[in-house]
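Working through the structure, step by step
Here's the letter readout for the chains.
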Amino acid sequence: MTNDTLIGSSPSALDRAKDMVPESARFPLALGAAVLIGWPILNAVLPNGMPLGIVLLGAVLGSLTGLTAIGLVLVYRATRIVNFAQASLGSAAGVLSVLVFTTWGWNYFLSLFLGLIMAAAVGAAIDVVIIRRFFWAPRLILTLATIGLAQILGGIELGLPTLFGKPLVTNSFSTPIGGSFTLNPIFFKGPHIMVLVVVPLVVAALAWFLRGTSAGTGIRAAAENAERAMLLGVPVKRLSTIVWAIAATMSALSVMLTAPIQPLPPTVLGGPALLLPALAAAVLARMESLPKAFIAGVGVGIMQQTVFWNSSRSSITDVVFLVLILGALLAQRDKLSRADDASLSSWVGAQETPPVPAQLRHLPEVVWTKRGLLAAVGVFALVLPVLLTVSQINLLGTVALTYAIVALSLVMLTGWSGQLSLGQFAIAGVGAVAAANVMDHNLDLILALVASAIAGGAIALAVGLPALRIKGLFLGVTTLAFAIAMSNYFLNTAYFGSILPSGLTRPVLLTRFDLADETTLYYFTLAVAVMTVGLARGLRAGRPGRVLVAVRDNERAAQARGVHTTRVKLMAFGTSGAIAGLAGGLSMISLQGVPFGAFGSGQSFEAFSMVVIGGLTSISGAFVGAFVLRGAQYFVGGGLQLIITGSGVLFLLLVFPGGLGQISLRIRDQFLRRVADRRGLVVPSLIADIRVEEEEDEEANRPKLEDLLAGADFGSTLLGDSGTIQRVAASPTMTTGPIPVIDLRVSDDTAEVDLLRAEAESMRKRLEELERLVEGGRQ
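Quick caveat, the model's predicted, so the values are computed rather than measured. Think of each chain on its own: its residues are numbered from 1, step by step along the sequence as written. Side-chain atom pairs in this predicted model are given and counted only at pLDDT of 80 or more, local residue features only at pLDDT of at least 70, and totals for whole chains, interfaces and linings cover all residues. To get the side-chain values, all heavy atoms of the structure are used, and hydrogens and water are removed first.

1. Examining the overall build of the chain
Tallying secondary structure elements over the chain gives 35 helices and seven strands in all. Considering the chain as a whole, with its 779 residues, one finds that 49% of them fall into the buried category. The contact rule is simple, with two residues in contact once any of their heavy atoms fall within 4.5 Å. At a minimum sequence separation of 6, the contacts of the chain that also span at least 24 residues come to 75%. In this text, helices come from DSSP runs of H or I with a minimum length of four residues, and strands from runs of E with a minimum of two, each type numbered from the N-terminal end. The rule is simple: take the accessible area with a 1.4 Å probe, protein chains only, and divide by the maximum for that residue type; under 20% is buried, over 50% is exposed, in between is partly exposed.

Structure follows, in structure tokens:
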């Protein structure tokens, strides 16, 4: 049979040939074929070639990336979240293992065992103490909790060398593993050999555990459908603890095996960039296949080492990761539909601030209280420079205000329109570049800020285009990859120094106000911040804001009412990007240029912490969160600041998902209730939650029907024809058959029916009272 016959006249033959290969083997076979075909081509095309030594080194380090990717996939399948704390999950335990070996001189294998045990214990404790409390919470809330968790673990990792009294030493200590060999151009030593031996054994043991044990079977069942698994009696929560322990162990093992091979920066210093290779591998594996995630991790490692060998611009790998993640998510958007569903329900925890009720809005005490609070805030903002030193004015005043404007853009994009973004500071960096180049040509300051807003809006629109197809948590992954590529490559002065000016002179505004003075710059930034708040309030109060919220809450319903959802989403990205770009222009003035690292990817995590602290949908909360975060960074600093900030994020997500804005809303409503009571007004919107609390208390104190029927011979109750409750006593007697025979003896009792009638009468009175309250509110 010829190829033409096989392909043309009998296409089903290809399907039969494909079916002969097991599905689990198709991906490794395809990858192996790609390597055999691609390696000779790349070795001939690339400037320095692709030596086998570089390939093996990439496979060694990529296998460690594969371990982290396995942890990401495990946690995603168990909880349907993207665990942004995966790189930090076992890093503290890994650093502890390295420190006790290098500082205290412990046995290497004992130190390794200690690190693995500590990592498993930390992972299990995180699940029991934190993750279980978010078990039924929206997936976005739990994802945000992992950001706070990453800050806590990063702070602990940063503080460990201080506790030991010595800096963290990596890539300069020897291990007891002997042996070495050379594969041009790399000299492989004992630590490389240990990775080649240990990692395959760990992966094989994990595969056996998931496929050959009852716990592994339960984990896979819970990953497919947690609710159904719970109904079938599978201990889902207990298995979740095992999953988090395994994920933490994978992370710690990766850290401990990497330390003797290459420098090990703390995750808090490397930021989300250390997680990006594993994220790329996990996304390529569709967040569902552990073998594919590991193999993809190996491929990612080979790609990285090949780029390092052939290019001086090593950060270009971050751009490759962005392309890989974006392409994989666009190709798999239907496969990840279950994660998309989470994006619609994840806003349950984001509480909108309702307006003051119409009955109270124009009362003198309400009006003057609002004016007094605004006046107090205004006075505080105006006198703040008097209370601070020059350096404090910059750090706690000007910089905090620019952070607040970025947080405000995030409120508009994430809080109001439902588009998860972890790249706002990268957009601000683009705005800073535009403003710096305009000022570098001696053009007007206002023109520079307009250019920064336009540039921010344009790049945000470009980022927003994939949002039309990628939704939910994976849009956050895409924007994070964009932020890392932007900060490490495009905003790197080593690569693009010609368009990243530095050492600029601060301009003079209107030939009178010299922005070189910190106080003058603070007041100018404050004026711009007030302008952005006015713009945001106007947008939210008008039809565009209502349409944004409608699309966020129910996109299909909004489409049915004639809303062009694509246009609305792009409007949200463009508007928020313009505000973030404007903040970048202000930051450029303060920094007098665009230095490398000023708009790092870690700052986008900080921006999200701000809005979580202040409230995802609150304008004022964005400013409160920014000042709280900057204050913590200034007065505490170091690892302790990260621990405090992360703990604050977790506490607010657990107790007040609406952040400090939710607390201020409760205080406002309590004040309004007192005003209403003093004036004898009935405001249903203010007493609804009180009625619910009272009814819950009454329900808790009311005797339950099953308690009244409790007794040794009471089995169930039936309503007789006469309207009385008939007590049914069950006396089971076993027969020789498999089904027990139930002997029912029926007796009459009217006590229970009297109780039911009393409950019905009480409910009728409550409904009448509620109708009167509603009617009074209308009048």
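2. Brief notes about the environment of Leu360
Within the secondary structure, Leu360 is located in helix H18 (residues 358-361). Among the residues examined, Leu360 registers a relative accessible area of 0% and is labelled buried. Each C-alpha atom of the pair Leu360 and Leu681 lies 8.7 Å from the other, and the pair is 321 residues apart in sequence. Not counting chain neighbours up to four residues away, the residues in contact with Leu360 comprise Val366, Leu672, Val675, Ala676, Leu681, Val683 and Leu686.

3. Structural notes on unusual backbone geometry
A cis amide bond links Asn184 to the next residue, Pro185, at an omega of 5 degrees. As for its position among the elements, Pro185 is in the loop between strand E1 (181-183) and strand E2 (186-188). Despite not being glycine, Arg80 has its phi angle at roughly 60 degrees, a positive value. Relative to the helices and strands, Arg80 resides in the loop between helix H4 (52-79) and helix H5 (86-89). We note that Met287 has phi near 60 degrees; this positive angle belongs to a residue other than glycine. Mapped onto the fold, Met287 is located in the loop between helix H14 (276-284) and helix H15 (290-310).

4. Section: the packing of helix H20 (residues 390-416) against helix H28 (residues 565-591)
Helix-helix packing: each pair is described by the crossing angle between the helix axes and the interaxial distance. Relative orientation of the contacting elements H20 and H28 amounts to 170 degrees, with a least axis distance of 7 Å. Judged by the angle between their axes, H20 and H28 are roughly antiparallel. For the pair H20 and H28, contact is made by Asn394, Thr398, Val399, Thr402, Ile405, Val406, Ser409, Met412 and Leu413 and by Ala572, Phe573, Thr575, Ser576, Ile579, Ala580, Ala583, Leu586, Ser587 and Ser590, respectively. Residue composition of the contact of H20 with H28, by class: 11 nonpolar, eight polar and no charged. Angular values range over 0 to 180 degrees, each being the angle between N-to-C directions of two axes fitted as lines to C-alpha atoms, with helices fitted over their stretch in contact. Each angle gets one of four labels, with under 35 degrees taken as roughly parallel, over 145 as roughly antiparallel, 65 to 115 as roughly perpendicular, and the rest as oblique. Under the scheme applied here, ten amino acids are nonpolar (Ala, Val, Leu, Ile, Met, Phe, Trp, Tyr, Cys and Pro), four are charged (Asp, Glu, Lys and Arg), and all others, including Gly, are polar.

5. Details of the pattern of salt bridges
Within this document, salt bridges are pairs made up of a side-chain nitrogen of Lys or Arg and a carboxyl oxygen of Asp or Glu, the two lying within 4 Å of each other. The tally for this structure, following the rule as stated, stands at six salt bridges. In this structure, Asp669 engages Arg668 in a salt bridge whose closest nitrogen and oxygen atoms are separated by 3.1 Å. By relative accessible area, Arg668 is classed as partly exposed at 22%.

6. Some thoughts on a nonpolar patch on the surface
A grouping of Val379, Phe380, Leu382, Val383, Val386, Leu387 and Tyr523 is seen on the molecular surface, where their side chains present a nonpolar patch of about 680 Å² in accessible area. Here the nonpolar patch gets six residues from one element, more than from any other, and that element is helix H19 (residues 364-387). When you line up the elements, Val386 lands in helix H19. Patches were defined on residues exceeding 30% relative accessible area and lacking a salt bridge, with like-charge contacts within 9 Å and nonpolar side-chain contacts (Val, Leu, Ile, Met, Phe, Trp, Tyr) within 5 Å. Each accessible area is a Shrake-Rupley estimate made with a 1.4 Å probe; only the visible protein chains count as cover when residues are assessed.

7. Remarks on the nonpolar core
Here the nonpolar core consists of buried residues drawn from Ala, Val, Leu, Ile, Met, Phe, Trp, Tyr and Cys, with membership extended through side-chain atoms lying within 4.5 Å. Ranked by size, the top nonpolar core spans 190 residues in total, and within it Phe84, Phe524, Met588, Ile589 and Phe608 carry the most contacts. At 15 residues, H4 tops the list of elements feeding residues into this core. Ignoring sequence-local partners within four residues, the contact set of Phe84 consists of Thr143, Thr146, Ile147, Ala150, Leu275, Leu279, Leu422, Val477, Leu480 and Phe605.

8. Focus on the side chain of Gln151
Take Gln151: it is sitting in helix H8 (residues 139-164). According to the relative accessible area criterion, Gln151 is buried, its value standing at 10%. Side chain to side chain, Gln151 and Ser609 meet in a polar contact 3.3 Å long. Not counting residues within four places of it along the chain, the set of residues in contact with Gln151 comprises Ser609, Leu642, Ile643, Thr645, Gly646 and Val649. Polar contacts here mean pairs of N or O atoms no more than 3.5 Å apart (in protein, one a potential hydrogen donor and the other a potential acceptor; neighbouring residues in sequence count only if both atoms are side-chain atoms).

9. Description of the side chain of Gln641
With respect to the helices and strands, Gln641 occurs in helix H31 (residues 638-655). If sequence neighbours within four positions are ignored, Gln641 has contacts with Leu629, Ala632, Gln633 and Val636.

10. What to know about helix H26 (residues 543-553)
Residues spaced three or four apart along an α-helix point in a common direction, a consequence of the helix completing one turn every 3.6 residues. The set of residues buried in H26 consists of Gly545, Val547, Leu548, Val549, Val551 and Arg552. If you follow the buried residues of H26, they end up packed against H20, helix H25 (518-541), helix H27 (555-560) and H28.

11. Looking at the packing of H4 against H14
The interhelical angle for the contact between H4 and H14, taken along N-to-C directions, is 60 degrees, at an axis separation of 8 Å. Regarding the angle of H4 to H14, the classification is oblique. The interaxial crossing formed by H4 with H14 has right-handed handedness. Counting all contacts with H4, which are made through Thr65, Thr68, Ala69, Leu72 and Val73, the residues of H14 involved are Pro277, Ala278, Leu279, Ala281 and Ala282. Considering only residue class, the contact of H4 with H14 consists of eight nonpolar, two polar and no charged. Left-handed describes a crossing whose near helix is turned anticlockwise from the far helix through less than a right angle; right-handed describes the clockwise counterpart.

12. Points about helix H32 (residues 659-679)
Take the number of residues in a helix, subtract one, and multiply by 1.5 Å to get its expected span. Between its terminal C-alpha atoms H32 stretches 31 Å, which fits the 30 Å expected from 21 residues at 1.5 Å a residue. Of all the positions in H32, only Gly659, Gly661, Gln662, Leu665, Asp669, Leu672, Arg673, Val675 and Ala676 are classed as buried. The buried residues of H32 all sit within an arc of 165 degrees when viewed along its axis, so they share a single face. When the buried face of H32 is taken as reference, the exposed residues oriented beyond 90 degrees from it are Arg666, Ile667, Arg674, Asp677 and Arg678. At the exit of H32 stands Gly680, carrying a positive phi of roughly 70 degrees. Regarding the arc, it is the one traced by the directions from the helix axis to the C-beta atoms.

13. What to know about the confidence of the model for the chain
As a per-residue quantity, pLDDT reports the predictor's confidence and falls between 0 and 100. On average, residues of the chain carry a pLDDT of 80, and 80% of them reach 70 or more. A low-confidence stretch, residues 1-22 (pLDDT under 50), is modelled with 11 contacts involving residues beyond four sequence positions or located in other chains. Under a pLDDT of 50 for its full length, residues 691-696 has, in the predicted model, three contacts with residues more than four places off or in other chains.

14. What to know about the packing of aromatic side chains
Aromatic contacts are taken between Phe, Tyr and Trp rings whose centres are within 6.5 Å, Trp giving its six-membered ring; a plane angle under 30 degrees counts as stacked, one over 60 as edge-to-face, and the others as tilted. Under the criterion given, the structure shown has 13 aromatic pairs. Relative to Trp106, the ring of Trp104 lies with its centre 6.1 Å away and its plane at 45 degrees, an arrangement referred to as tilted. With a relative accessible area of 53%, Trp104 lands in the exposed category. Classification of Trp106 as partly exposed rests on a relative accessible area of 33%. Centre to centre, the rings of Tyr108 and Phe109 are 5.6 Å apart; their planes meet at 75 degrees, and the pair counts as edge-to-face. Given a relative accessible area of 8%, Tyr108 falls into the buried group. Put simply, the rings of Tyr489, Phe490, Tyr495 and Phe496 touch in pairs and so form one group of aromatic residues.

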